[in-house]
Structure formats: structure tokens, C-alpha cells
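# Remarks on the overall topology
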Amino acid sequence: MTGPDAPGGNRHRGVPTATYRLQVHAGFRLEDAAEVAGYLADLGVSHAYSSPLLRSAEGSTHGYDTVDHAHIDEARGGKDGFDRFVAALHDHGLGLVLDIVPNHMGVADAAAAPWWWDVLKHGRASAHADAFDIDWDAGEGKVRLPVLGSADDVQKLELVDGGVDGAEGPELRYYDNRFPVAPGTESGTPQEVHDRQHYELVDWRRADTDLNYRRFFAINTLAGLRVEDPAVFDATHELVLRLVDDGSVDGLRIDHPDGLADPKGYLDRLAEASGHRWTVVEKILEPGEDLPEGWATAGTTGYDALSEVDQVLVDPAGEAALTALDTELSGGTVDYAQLVHDSKREVTDGALGSEVARLVRVISELGGAGRGAVDGQQQTEALAELLASFPVYRSYLPDGREHLDATVGAVRGRRPDLVAAVDALHPLLAQAATEVATRFEQTSGPVMAKGVEDSAYYRWARFVALNEVGGDPTRFGSSVEEFHEAQARRVGRRARSMTTLSTHDTKRSEDVRARLAVLAELPTEWAQLVRTLLARHPLPDRPLAHLVWQNLVGAWPLSRERAHAYAEKAAREAGTSTTWTDPDEPFELQLHALVDAAYDDPATTADIEAFVARIAPLGWSNSLSQKLLQLTMPGVPDVYQGSELWDFSLVDPDNRRPVDYAARRRLLARIDAGEVPAVDESGAAKLLVVVRVLRARRDHPEWFGGYTPVEVTGSAADHVVAFDRGAPDAPGVVAVATRFPAALAASGWGDTAVHLPTGAWRDLLTGERFVSDVAGIAVDVLLARLPVALLVRD
């Protein structure tokens, strides 16, 4: 049943029961999204969850490069498409969660970004000058734009008539790049005109050292906004808040809060302005870290939950063998902590050198209070060391002060030569709400992201299933007890936080990770295959080769084009043998030859296909288990587009490919007709799990009010994760999931049983009925058809 009167149909202004993420772009417009509203309702979610929809840079496939906050992006369907989408959602009793981007704007094409164009045209006198985080003094009153191929390219500038701001006027052009000309500065050569502007076009290589505006990470075309300024907040949120107010938008997802000067203040202001709508933040928590208590948010977007689920399905017994293989391929034991530090130092000394230099400038302006007897070089080195050693993405002073203090202590112990500089910096960096402390906080997050997610994760290939956003690759699996403890904390502290397994930013989709988790159970077989492949197709960078082979096996079968695109991106992100800015063509030719061998060398193709055939069914078991755990654990589960079936995607853009909704509708119709699908390559078994849990959440939210571990006994008890989501005063669903399927296949369930209150129970997945007595329910009977069960009182 769908429509306004459907179960849950009038709840969309509150906390979602579940969401479904849609990536909206020119190839999948809002009109297309409207067409799947009925399917989403049938699936059982309460809300669609959309990628950013405000006007973005031309050709943008993701929407995180907003150029104008006053309009819905026309390429995505515009206001008419948005209205149609919302109407379709409401017709089916669904709400909308919208992803918004407060930290930065897209400025790749100045002519398409009215605020940025005005700032370049009028400089500090622009009405929008305060909207951007620009260090005007460092640029001698100009914004430095790193767009030239070389410094000599300033000679290639042309002065032409343009047409921005509703009137014809002169512009400077550099190839396809357009820049405004300030009034009264039009005379002379293009170079002379350029010299009179409020901006300076410079060699792109200077971005690492001389940039004077804050960016998103190291992306020069995403300029940081100052939403801590109430006027900037109001202007950038006017349309979004109007859509909230008129009922079009029911919840919000906040992109990159770590970039903001004052995340708490921002969330407080947003909560007040939005009527305290359900809001989650894209905050990456390190293991053991929690959100600051005072934040006005339901929680995170779920990377912490992803890690908890992944870890409990990884067999710790495989760590020694996979570590030995990694040591063999690396030529020595990898010190991951040192690797992370060194990767982060490359960022502080390279791509984010401009941000470190700005910190030094701010401190130097404090005079004696900032520098004391410490010279500028020592100060720069000390800041870089503190940033490279910071154990979490950032602090939010006074919250997180302990991380700063611990980092200071660590750097003092490791670098005696920097003790004086670190001691001088410590009180400055610890003083909340000062420019020094705030800029340090805004910089430490990008250093972590670029150094770890975009470097170290591609350099350490011991077991790439763990190299995931929000994860800790050194932590090789967790126990069932640790999983239960994490969920008890979650239900007590963040019961409305989002949970997820796949996003547009994950390094590998959930099903790739589930398949690769099997390698921890079969490390010897994997090592033998890897040695064979490396001997047959040698690559100088053996850890990178290991990473590529893991991902190819994890996603197999995949097209040759997808495999080549992934390998090239992985190699350049790792930066050990080739880079984005200085590609090593001979090495990349070898790398691409290795990828081709997977398709063209008969022995290699046969070896890969045989191994995948061996582990794929085990991976399916893991996939069903992790999906059941994620959908039933405390929180608001999100299903990433298409992942209700098997989805073997790699890092973006691979994970943003089109979704075949027609195929999904057909399979769903068969399930609704009573079919209990087999666990096979169709993925229909996963769809069964998804639809049964989501409908249970929608129709019976009272079944998901608490969390209690379920006792499991017997010879294979360690192969089961089971818990009851009922509250003390209300019965709930019981989730039962299999772990370590390879070892289980050898030993069998034996006398293993789950112990539930006596009486009859029904599995919502299969419809089968079971009776629990003093001996419990035998797991070999309970899980005879599927590796998971979803039980309710019958």
C-alpha cells in the first residue's frame, strides 16, 4: 500500500525510519527520481535522501560545488523538477532528506559563480568579500588564482568583451577561463589590465605554497565560506530553509562540518532556523571517538556504524598470515602509524602548505605572544608535526582538548629540537574561539583526510577491506562482545544517528568488502595466488600490485575500462610510483599491462575466476549478514542507491554508475508474490533482507526500541551475532547473522543454538515458524535456507 495513508505516510516530518540515497545529476534528473518514488515506498523507506541540489558547476556529477545558493540546479531538473519530485514523494507518503554544503562554493568557472565573480571584480569592496575566507593582506590586496600553466602564461591573456552581471563589459580570458575586469582598469595590454585587478593569476604549482584563500581540502576550485557570519549563513541557507518551511524538505545532511570555524554554533543556528528538523553531519569519527555532547544533531552519516559492522565480520585469525604476506611484498614490516605520519607530513609540506603558511602568518601577527624566541622555520616545522600527529580529524575546543594535549606531548617526546616551538604554540592552539586555534582545527581535518584516506589507505595493502573511511586498518576484526558493547552505547547515546554500509565516498562498496573479508579466513590460499600473479606479472611497486589484485578479485567480474580506471586512480593516490601532477608514464604502462593480463592472459583469467568462484558464495553470506546487522542495529539505516542488490563497486566515480530500477522492481514483485529467493548471483536474497527489515521498521517502529544481546551456545557459537531490538516493555525483532562462513563450511553448526524466550517465533525473511524451548532454537534449522534470520513472536 502506498499513498498518504500508507503506514508511516504522515511521519515524514519526524525522524526517518530509513532513508534511500539518490545521486541526482544531469544523467539522473529530479524527474527520474520522481519516477522511483513508488519503488522506494514499496521498498519500505520513509525518506528519499538526495545529493546536493542547489545550482552547481556545469557538468558536476556530485553537486558539492554549489555556485549559486538561490536556485535549484537546472541541469538536475530545476525548480519544476524538484516540485515534481517532492510531489511524487508525498503522494507515496515519503519525505525528503537533503544534503547541503555550507563549507565551500564552486569557483572553477568564475562567470558561473556570481559571488566569486563580484569579489574578483571589486575586491575588498565587494558586497560578498566577507563571504569567503580570504587573506587579503597576504596577497597584497589580491586573490591569488592558481590557473596558469606557467608564470609565462600571463602573456597568453586576452582582453575581450564579455557578458556577465547582465551587462556587456570587458573580460580577461585565459583559454576557456573568464575573469572580470574592475571598473576603470580596461586600458592597456591584457597584462597591464591584469596587473590592476583585485586578483592575480599565478602558476598552478603555487597553490601549495602561496594560495591566500581557504579551500575544501586541496581543491583550488572549491573556495571556503564563512558561514559563521550570520549574514553569510542567512544568504546561503535562505532557499534551503524556505524548502524546509514549506514542507518540501524534512531533514538535512550537513557536508564536511569539520571545515567550519564553529560547527557547534552553526548547528545551533541551523536547528533554530529549521525548526529542529532531523539533521545528521558528515563527521568521520576515529574508533572510540564520539560527537561533542552539545551538538544540535541526531548524529553522523554512519561511517562509525559501517566500521562496527565490518569489523565483527573479519576473522582475526587471518591477521598473522596476511601481515606476513604484506611484509614479504613490502620488503619489511610496515609501521602503519609511521606511514600515516609521513603521509600527513607530505600533505602539510605539499598540498596544504598554503594553509600551514597562513597559520604561521596569523601567529606572527600576535608578535611576542605568538613567537617568542622561536624562529619562523621552527614554528612552521612544529605546526606541521602537530598536524601530522593529531590522532583525530579535529578538536572543537573546549571539546577535544585532550587530543591537543596528547599530541603536544607526543611531538615533544619525538622531536626534542621542537620543544620550545611546541611549548610556545600549545597555549595559543588551546585557546578556544581564537583565530589561531580555529584555523588549526580547520586545517587538521583536511590533513587527516588527504594523508590517510587519500594516501595511506592506498599505500598499505595488507588487507584493503579495512582501508575504509572511518575505519582503522590496524584493528583486524572485533569480537561479538565488542559489537554488542558498541550497539549498547549507540542505543543509549545516538539512537537517531544514521547508519550505512556504502556511500558515494566509500573506497569500496559493501559487497566488495564482504567478499574481501573472506580473505581473512583463507589467507594462505590468497597468498599463494598473489605470489603466482606477481611472478607472472611483476610490478616494481609490489604493495600497489597487491592492492590492485585485491580490488579486482573483490569486484570481479568488472569491465576492463573500470579496472583500468581504478588502478590508475589508486596508483596516483598512493603517490609512491606515479602521481596526479607528475605521472610516470613507463610505470603506468606496466600497471595497465598488469590489468590487461587479468583479461588477456588465459592462465591469469582462469586463476582469478576460479578463486572468485571459491569465495563469492562466502562473500554473499557476509553481505547478507552485514546488511541485516546494519538495517537492524540502533540508528536510522540508509540504503545507498542500487545496493539493495549485489553491488560490486569501487571508489568514485565507479560507485556512481546508473541503477537498473526496472530489474529491482521485477525482483521485488516476485518477493511480494511469496518467493523466497535463493542466495545466488541475482542478489534477490539481499533485496529480500532489505525489504523485510525496512517494512518492519516502517510498520512497527516499536520493535526497534532497545538492544539486548541474545545468548548463543554450542560448538559454533562464535559464528553467530544475535540481538533483540525490543525494549524492556515491548517485544522486538531478533536479528541472527552468520560470521566466518568459510570456517563454518568446514565445521558445521553442530549443537549451536540461540536462546530466546520460550514459545513460537516466525522468521520474517522466510515465513517459517520455529519453537524455542529450554534448549533454544537449533541454528542449523533456523539458518537452513539463509545465513540470516529476522524473528518476531508468532
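These remarks concern the structure in this document. (Residues numbered from 1 in each chain as written. Predicted model: local features only at pLDDT ≥ 70, side-chain atom pairs only at ≥ 80, totals over all residues. Heavy atoms only, no water.)

### What about the nonpolar core?
- Counting 181 residues, the largest nonpolar core has L22, W116, F132, W526 and W549 as the members making the most contacts within it.
- The element that contributes the greatest number of residues to this core is helix 24 (residues 602–632), accounting for 11 residues.
- Within the second largest apolar cluster, 27 residues are counted, among which are V360, V374, L386 and L387. (Core = buried A, V, L, I, M, F, W, Y, C linked by side-chain atoms within 4.5 Å. Buried < 20%, exposed > 50% of the residue type's maximum accessible area, 1.4 Å probe, protein only. Helix = DSSP H or I, 4+ residues; strand = E, 2+ residues; numbered from the N terminus.)

### A look at helix 21 (residues 542–555)
- Spanning 14 residues, helix 21 covers 20 Å between terminal C-alpha atoms, matching the ideal 20 Å at 1.5 Å per step.
- Within helix 21, 13 of the 14 residues are buried, leaving the element largely enclosed by the surrounding structure.
- With a side-chain oxygen positioned 3.2 Å from the backbone nitrogen of L544, the residue opening helix 21 is D541. (Expected span 1.5 Å × (residues − 1). Polar contact = N/O pair within 3.5 Å; in protein donor to acceptor, adjacent residues only side chain to side chain.)

### Digging into the pairing of strand 2 (residues 47–50)
- Neither face of strand 2 is left uncovered, since the one carrying H47 and Y49 and the one carrying A48 and S50 both have all their residues buried.
- Pairing geometry for strand 1 (residues 19–22) and strand 2, over four bridges, is parallel. Each residue of the ladder has a partner; that of L22, found in strand 2, is S50.
- Pairing analysis gives four bridges linking strand 2 to strand 5 (residues 95–100), with the strands arranged parallel. Counted as the bridge partner of S50 is L98 from strand 5. (Pairing = 2+ DSSP bridges.)

### A few points about the environment of W646
- Of note, W646 is situated in the loop between strand 18 (636–640) and helix 25 (661–672).
- W646 gets classed as buried once you look at its relative accessible area, which sits at 10%.
- Between the C-alpha atoms of W646 and E711, which are 65 residues apart in sequence, the distance is 31 Å.
- Excluding residues within four positions of it along the chain, W646 makes contact with D511, W620, S623, L624, V679, D680, E681, S682, G683 and K686.
- Separated by 2.8 Å, the side chain of W646 and the backbone oxygen of D680 make a polar contact. (Contact = heavy atoms within 4.5 Å.)

### Let's talk about the side chain of N212
- Mapped onto the fold, N212 is located in the loop between helix 6 (207–210) and strand 12 (215–216).
- Overall, the relative accessible area of 1% leaves N212 in the buried class.
- What N212 contacts, discounting residues up to four positions off in sequence, is D133, I134, D135, W136, A138, G139, K142, V143, R144 and R358.

### Considering the sheet that holds strand 17 (residues 498–499)
- Here eight strands make up an open sheet; going across it, the order is 16-15-14-5-2-1-18-17 and the pairing parallel. A strand with exactly one partner marks an edge of an open sheet, and here the two such strands are strand 16 (299–300) and strand 17.
- The sheet contact formed by strand 14 (residues 251–254) and strand 15 (residues 278–281) spans four bridges and is parallel. Considered in strand 15, the bridge of G251 is made with W278.

### Observations regarding the pattern of salt bridges
- Tallied over the full model, the rule gives 74 salt bridges.
- Its salt-bridge partner being E328, residue R531 comes within 2.9 Å of it at the nearest N-O pair. Within this pair, whereas R531 is found in helix 20 (residues 523–536), its partner E328 is found in helix 10 (residues 319–330), the two being separated by 203 residues in sequence.
- A residue is classified by how much of its surface remains accessible, and R531, at 39% relative accessible area, is partly exposed.
- Through salt bridges with shared partners, one network takes in D133, D135, R214, R358, R361, E435 and R439. (Salt bridge = Lys/Arg side-chain N within 4 Å of Asp/Glu carboxyl O.)

So far we have only geometry, and geometry alone does not tell us how the molecule works.
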